[in-house]
Amino acid sequence: MVLLDGKGLSQKIKERIKREVVELKESRGIIPGLAVIIVGDDRASHTYVKMKERACEEVGIYSIVHKMPSSISQHEIEETITLMNRNPNIDGILVQLPLPDHIDATRILELIDPAKDVDGFHPYNFGRLVQGLDTFAPCTPLGVMELLKEYRIDPKGLNACVVGASNIVGKPMAALLLNAFATVDICHIYTKDLQSHTERADLLVVGVGKPHLIREEMVKEGAIVIDIGINKLDDGRLVGDVDFERVSRKASYITPVPGGVGPMTIAMLLSNTMKAARQRKV
Ligand code: NAD
């Protein structure tokens, strides 16, 4: 069994981006800029935003965080996005999810200029992704594809099973795998007999948010297992959705949690911001 080391790869990618930031500044005078909007005081969201800020700082990307109280109105968030859309020093705009219930998240995400949509959540970019066109792909599934590439795992012809079908994880993951010519099953909460799908998968990708959802008997011998889930247990430990201890004995490759997909997500955010900066019209 080989551990897919997302932490190590993300470090390599960050070093590459750091060099690219210097080159872009020297050749075109551009410093890539990322604007982050966070609403409310959800602790996990604040932790993620801090990690993103720190990563930007590490590679030389300028970042600005707009912290807004949960009482903020839809209109005020929209005004901030409009300003960021117009700001020539901002290449990427990211709205940390979830947003409070009184905010229409779809309208917010649709307001972001698709050219600055470094999270890849805008329907325009999602449509391009499904069509296999150049786009900003969502960072987590994009990170999974990079990790597979690093270990020379080609999805072409593999039976892939994606468990979880959210707009930010499962659906774009399935689209990327389909674009790479895997045969893709997509499972979700209403899937009957989950095991009948997972046990046939050469490549199993799980992003649900339920610890130990995937047990040993649900996994094919020699499968490649990607665990996107992040769950905090009562004792404070972070685990994924896969019973790592048992499943890792059966898998050919597996991602650890933490240290697998999580760091890749942040690396891809930097990579998408860099891509947006390169496409900046000056
Ligand atoms: P979500 O709640 O929006 O979606 C969960 C999906 O899982 C839904 O499609 C739902 O139908 C499905 N599901 C729920 N219970 C199921 C079950 N018993 N069997 C099969 N499918 C089931 O969550 P999300 O935002 O997509 O996040 C999923 C997980 O990925 C969470 O643990 C989240 O923390 C993690 N995540 C990790 C990263 C990362 O960087 N590693 C990034 C984003 C999300």
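The present account deals with the structure reproduced in this document.

**Section: the sheet that holds strand β3 (residues 62-68)**
Part 1 of the reasoning: The three strands lie next to each other as β3-β2-β4, forming an open sheet whose pairing is parallel. Each having just a single partner strand, β3 and β4 (92-95) make up the two edges of the open sheet. Averaged over neighbouring strand pairs, the angle between their axes works out to 15° when direction is ignored.

**So, the site of the ligand**
Part 1 of the reasoning: Close to the ligand lie 21 residues, the nearest being A165, S166, I189, K210 and T265.
Part 2 of the reasoning: One nitrogen or oxygen atom from the side chain of T265 is found 2.7 Å from an oxygen atom belonging to the ligand.
Part 3 of the reasoning: Isolated, the ligand exposes 860 Å² of accessible area, and the fraction of that covered by the protein chains is 72%.
Part 4 of the reasoning: With three residues, helix α10 (residues 261-278) is the single largest residue contributor to the shell around the ligand.
Part 5 of the reasoning: Residue composition of the shell around the ligand, by class: eleven nonpolar, nine polar and one charged.

**Quick look at the packing of helix α1 (residues 6-28) against α10**
Part 1 of the reasoning: The geometry of α1 relative to α10 is characterised by a closest axis approach of 9 Å and an angle of 15° between their N-to-C directions. As summarised for this structure, α1 and α10 are arranged roughly parallel, according to the angle between their axes. The crossing of α1 and α10 is left-handed. Contacts between α1 and α10 involve G6, K7, L9, S10, I13, K14, R16, I17, E20, V21, L24 and R28 on the former and, on the latter, P263, M264, A267, M268, L270, S271, M274, A277 and R278.
Part 2 of the reasoning: Of the residues belonging to the contact of α1 with α10, the class tally is twelve nonpolar, three polar and six charged.

**Focus on the packing of aromatic side chains**
Part 1 of the reasoning: Going through the model one piece at a time under the given rule, you end up with one aromatic pair.
Part 2 of the reasoning: Here the aromatic rings of Y151 and Y253 are separated by 6.5 Å at their centres, their planes lie at 70°, and the arrangement is edge-to-face. On the criterion of sequence distance, the pair formed by Y151 in the loop between α6 (139-150) and β5 (159-163) and Y253 in strand β11 (residues 253-254) is long-range, its members being 102 residues apart.
Part 3 of the reasoning: Overall, Y151 belongs to the partly exposed group, its relative accessible area being 23%.
Part 4 of the reasoning: Over the aromatic face of F136 sits the side chain of K275, whose NZ or CZ is 5.5 Å from the ring centroid.

**Focus: the environment of T82**
Part 1 of the reasoning: Here T82 is to be found in helix α3 (residues 74-86).
Part 2 of the reasoning: Residue classification places T82 among the partly exposed residues on the basis of a relative accessible area of 26%.
Part 3 of the reasoning: Among the polar contacts listed, one links the side chain of T82 to the backbone oxygen of E78, at a separation of 2.9 Å.

**Quick look at the sheet that holds strand β7 (residues 203-206)**
Part 1 of the reasoning: Read from one edge of the open sheet, six strands run β1-β11-β8-β7-β5-β6, paired in parallel fashion. The strands lining the two open edges of the sheet, one partner per strand, are β1 (2-3) and β6 (183-187).
Part 2 of the reasoning: Sheet topology places β5 next to β7; four bridges connect them, and they run parallel. Counted as the bridge partner of V163 is V206 from β7.

Rules used in this analysis
Residues numbered from 1 in each chain as written. Predicted model: local features only at pLDDT ≥ 70, side-chain atom pairs only at ≥ 80, totals over all residues. Heavy atoms only, no water. Pairing = 2+ DSSP bridges. Helix = DSSP H or I, 4+ residues; strand = E, 2+ residues; numbered from the N terminus. Axes fitted to C-alpha atoms, helices over the stretch in contact; angles between N-to-C directions. Near = heavy atom within 4 Å. Polar contact = N/O pair within 3.5 Å; in protein donor to acceptor, adjacent residues only side chain to side chain. Areas by Shrake-Rupley, 256 points an atom, 1.4 Å probe, with all protein chains shown as cover. Nonpolar A, V, L, I, M, F, W, Y, C, P; charged D, E, K, R; others polar. Parallel < 35°, antiparallel > 145°, perpendicular 65-115°, else oblique. Left-handed = near helix turned anticlockwise from the far one by under 90°. Contact = heavy atoms within 4.5 Å. Phe/Tyr/Trp six-rings, centres within 6.5 Å; stacked < 30°, edge-to-face > 60°. Buried < 20%, exposed > 50% of the residue type's maximum accessible area, 1.4 Å probe, protein only. Lys NZ or Arg CZ within 6 Å of the ring centre and 35° of its normal.

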